[in-house]
Amino acid sequence: MNIKVRVSYEEDTKYAFLICKKIEESAKIRGTGIAKKDPEYIKSKMIHGNSVIAFCNEKLAGFSYLDIFQNKEFVVNSGLIVFPEFRKQGLAKIIKIKIFELSKKKFPHSKIFSITTSNPVIKINTELGFKPVSFNELTQSEDFWKGCQSCANFDILTRNHRKMCLCTGLLYNPNTDTKIYNNKKNYLYPGDKIILAYSGGLDTSYCLRYLIQEGYDVHTVIINTGGFHQEELKKIEKRALSIGSKSHRTIDAIEEYYQNCIKYLIFGNILKNNTYPLSVSSGRIFQAIKIAQYATFIQAKAIAHGSTGAGNDQIRFDIAFQILCPEKITLSPIRDRKISRKEEIEYLKNQGISICWDQAIYSINKGIWGTSIGGKETLTSYHDFPEEFYPSKLIKSKSEKLELEFEKGELVGVNQEKENAIKNIIKIEKIASEFAIGRGIHIGDTILGIKGRVAFEASAAIIIIKAHHLLEKHILTKWQLYWKEQLSNWYGMLLHEAQYLDPVMRDIEKFLKSTQKRLTGTVNIILYPYRFHLVGIKSKFDLMASSSNNISDKYGEMNYAWTAEDVKGFTKILSNQMKMYHNLNKKEK
């Protein structure tokens, strides 16, 4: 069925008599309601664009209008009619929303009201934010109440001195409106479905309870990028449902995260500011993508996240949602309401939800590519991060050998045992974290332009990147290494700053992948407490070991591929342009 609901205009006046007839017939069947409308009155509403008209398959199907009273203090939404043959199609709700939006647009500061005996209409109004009120809170304009004279129950209204009748009075007050409005003129009303990105922590638990209390239909989802065990995920689901989530979904994105991002972070040897392996920031975009896909799948009207107004994650989520599902409203209650951690804890306690939030003094975000930790020390420029608050503890004190095997740039084996890349990363993390390797503090520029400081531990990421880079030094040419470094820096920066969905990222990925064709070999490493040593590599593509074209493999010793005279001629030509410059410089002096 093709439904079209629009604001009326002058050409619609031809429908005025039919609309009035349908209103009268409907009132007779119900035994209540305003029985008669003046066609000329309806025409005036159409001409001035103060009504909406509905069509189904190009046939007239429904109507509603607005009127103003008491110097625009009140706007009434009235005359709602759906022709009998088009009922039970959800058309009444569409017309009601349309006339409501028209009222708000034309009279943004006016109170909007409606009176009705219809339970379905009462429900629709309530979902739009109307509150049931007594008649003395509605307009006192005599012109409005005179319109009730054609109703069969007008005597009840007059006997009660207009204080009550069979109708329910419903009022929308814009001054107490808690509905959310985005820049695409899309409203969110109680009962609408919201997807909340839920991690089980304080921020997202606050968001969950707050949105439920606001009357929304909240469904939670967590995207696992390698930071959770199955037992943790079960606890998070249990917590979400206990707080009031309508449903909870866990989505595994580890493989997609590796194939579309981590792989290229390894190919590019990417460390932000030569320090941080983008452990968490790289995973956020894939969480956002999966959330957007899930929100579309279950037809949610909005997506909510627990980001504050200071960090990078709010930008990463917002940008992804705007690109992948622009029709959906994005909510961030903590950012929008400027709620402090203390206020969140107090709110949840008052709601009967107390999970020892105040004992969690550090914010920990974990993924397969590493863990970031934020706390009071990271808010300053001076203090070191306490040893005891790193998630992994130093267990081993004796050195240990580690061998990594790469094929075309990808990690295929650890200690001569072959597995897929994800299992290898997990294996290295387990081995190296016992040496407390991969710890550090990253200082960088946030997307919003302020300096940020965060502690992290990423033993697998650091070891893999450094081992991969050593292998590249032996296999790639000088200019491959140079241009890889330039583009890799850009890739890491763009990824960090929420630009993953820009097509230039796919272009850089193609370049990075093309450089890995020969990147096959093994790297030997020795692990020590808090550090590791890269011993060396073995590869059939090692340029240092190459003896092709009679080039010697003994750098710094006697070479048989060229003569002394060859070198003298080479240096003479190489220095030629510099000699010309300096000779001219002498003449100028």
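Re a nonpolar patch on the surface
- A surface patch of nonpolar side chains, amounting to about 390 Å² of accessible area, comprises Trp479, Tyr482 and Trp483.
- Considering the arrangement of structural elements, one finds Tyr482 in helix H16 (residues 478-496).

Section: the confidence of the model for the protein chain
- Mean pLDDT over the protein chain: 89, with 94% of residues reaching 70 or higher.
- Considering only residues more than four positions removed or in separate chains, one finds that residues 180-185, a stretch of pLDDT under 50, has eleven contacts.

Points about the side chain of Thr515
- Following the sequence through the fold, Thr515 ends up in the loop between helix H17 (503-514) and strand S22 (521-528).
- For Thr515, the contacting residues outside a window of four places in its chain are Glu472, Leu476, Gln480 and Lys484.

A closer look at unusual backbone geometry
- Despite not being glycine, Asn415 has its phi angle at roughly 50°, a positive value.
- One can find Asn415 in the loop between strand S18 (410-414) and strand S19 (417-418).
- Its identity as a non-glycine residue notwithstanding, Gln416 has a phi of 65°, on the positive side.
- Relative to the helices and strands, Gln416 resides in the loop between S18 and S19.
- Residue Gln416 is classed as exposed on the basis of its relative accessible area, which comes to 66%.

A few points about the pairing of strand S15 (residues 363-367)
- Across five bridges, the pairing between S15 and strand S16 (residues 370-374) is antiparallel. Paired with Asn365 across the bridge in S16 is Ser372.
- Taken together, S15 and the strand that follows it, S16, pair antiparallel across an intervening segment of two residues.

Points about helix H14 (residues 421-433)
- A rise of 1.5 Å per residue sets the reference length of H14, with its 13 residues, at 18 Å; its end C-alpha atoms lie 18 Å apart and thus fit the reference within 8%.
- Every buried residue of H14 is listed here: Ala421, Ile422, Asn424, Ile425, Ile428, Ile431, Ala432 and Ser433.
- The inward-facing, buried residues of H14 contact helix H9 (254-267), strand S17 (400-407), S18, S19, helix H15 (459-475) and S22.
- Residue Asn420 occupies the N-cap position of H14, its side-chain oxygen lying 3.2 Å from the main-chain nitrogen of Ile422.

Observations regarding the sheet that holds S15
- Pairing is antiparallel across the open sheet formed by four strands, whose spatial order is S15-S16-S21-S20. The strands lining the two open edges of the sheet, one partner per strand, are S15 and strand S20 (439-445). Each adjacent strand pair in this sheet contributes to an overall mean axis angle of 25°, direction not counted.
- Relative to strand S21 (residues 451-457), S16 runs antiparallel, the two sharing three bridges. Bridge pairing in S21 links Ile373 to Ala455.

Considerations on the nonpolar core
- In this structure, Ile291, Trp369, Leu404, Ile464, Tyr491 and Leu495 are the most contacted members of the largest nonpolar core, which totals 75 residues.
- Excluding its chain neighbours within four sequence positions, the residues that come into contact with Leu404 are Leu411, Gly413, Val414, Ile428, Ile463, Ile464, Ala467, Gly521, Thr522, Val523 and Ile525.
- Residues Ile53, Ala54, Ile99 and Leu128 belong to the second largest nonpolar core, which totals 37 residues.

A look at the sheet that holds strand S23 (residues 531-538)
- Taken in spatial order, the five strands make up an open sheet running S19-S18-S17-S22-S23, and their pairing is antiparallel. Among the strands making up the open sheet, the edge pair consists of S19 and S23.
- Where S17 and S18 come together, four bridges link them in antiparallel fashion. If you follow Phe406 over to S18, its bridge partner there is Leu411.

Examining the packing of aromatic side chains
- Summed over all chains, the structure comprises 21 aromatic pairs.
- Ring centres of Phe130 and Tyr172 lie 5.9 Å apart, and the angle between their planes is 45°; on these two criteria the pair is classed as tilted. Linking Phe130 in the loop between helix H4 (119-128) and strand S6 (131-133) with Tyr172 in strand S7 (residues 168-172), this pair joins segments that are 42 residues apart in sequence. There is no split in this pair, since Phe130 and Tyr172 are both buried.
- Aromatic ring contacts, followed pair by pair, group Phe69, Phe74, Phe113, Phe135, Phe144 and Trp145 into a single cluster.

Focus: the pattern of salt bridges
- One pass over the full model with this rule turns up 25 salt bridges.
- Where Asp336 meets Arg335, a salt bridge forms, and the shortest distance between an N and an O atom there is 3.8 Å.
- Residue classification places Asp336 among the exposed residues on the basis of a relative accessible area of 53%.
- Residues Lys484 and Glu472 are paired through a salt bridge, measuring 3.0 Å at the closest nitrogen-oxygen approach. On the criterion of sequence distance, the pair formed by Lys484 in helix H16 and Glu472 in helix H15 is long-range, its members being twelve residues apart.
- Residue Glu472 is classed as buried on the basis of its relative accessible area of 0%.

Considering the packing of H9 against helix H10 (residues 281-297)
- Where H9 contacts H10, the two axes come as close as 10 Å, and the packing angle between them is 155°. As the angle between them shows, H9 and H10 are arranged roughly antiparallel. In terms of crossing hand, the pair formed by H9 and H10 is right-handed. The segment H9 lies against H10, with Glu256, Tyr257, Asn260, Cys261 and Leu265 engaging Ser282, Gly283, Phe286 and Lys290.
- Tallied by class, residues from the contact of H9 with H10 come to four nonpolar, three polar and two charged.

Scoring rules and cut-offs
- Residues numbered from 1 in each chain as written.
- Predicted model: local features only at pLDDT ≥ 70, side-chain atom pairs only at ≥ 80, totals over all residues.
- Heavy atoms only, no water.
- Patch = residues over 30% accessible without salt bridge, like charges linked within 9 Å, V, L, I, M, F, W, Y side chains within 5 Å.
- Areas by Shrake-Rupley, 256 points an atom, 1.4 Å probe, with all protein chains shown as cover.
- Salt bridge = Lys/Arg side-chain N within 4 Å of Asp/Glu carboxyl O.
- Helix = DSSP H or I, 4+ residues; strand = E, 2+ residues; numbered from the N terminus.
- pLDDT = per-residue confidence, 0-100.
- Contact = heavy atoms within 4.5 Å.
- Buried < 20%, exposed > 50% of the residue type's maximum accessible area, 1.4 Å probe, protein only.
- Pairing = 2+ DSSP bridges.
- Expected span 1.5 Å × (residues − 1).
- Polar contact = N/O pair within 3.5 Å; in protein donor to acceptor, adjacent residues only side chain to side chain.
- Axes fitted to C-alpha atoms, helices over the stretch in contact; angles between N-to-C directions.
- Core = buried A, V, L, I, M, F, W, Y, C linked by side-chain atoms within 4.5 Å.
- Phe/Tyr/Trp six-rings, centres within 6.5 Å; stacked < 30°, edge-to-face > 60°.
- Parallel < 35°, antiparallel > 145°, perpendicular 65-115°, else oblique.
- Left-handed = near helix turned anticlockwise from the far one by under 90°.
- Nonpolar A, V, L, I, M, F, W, Y, C, P; charged D, E, K, R; others polar.

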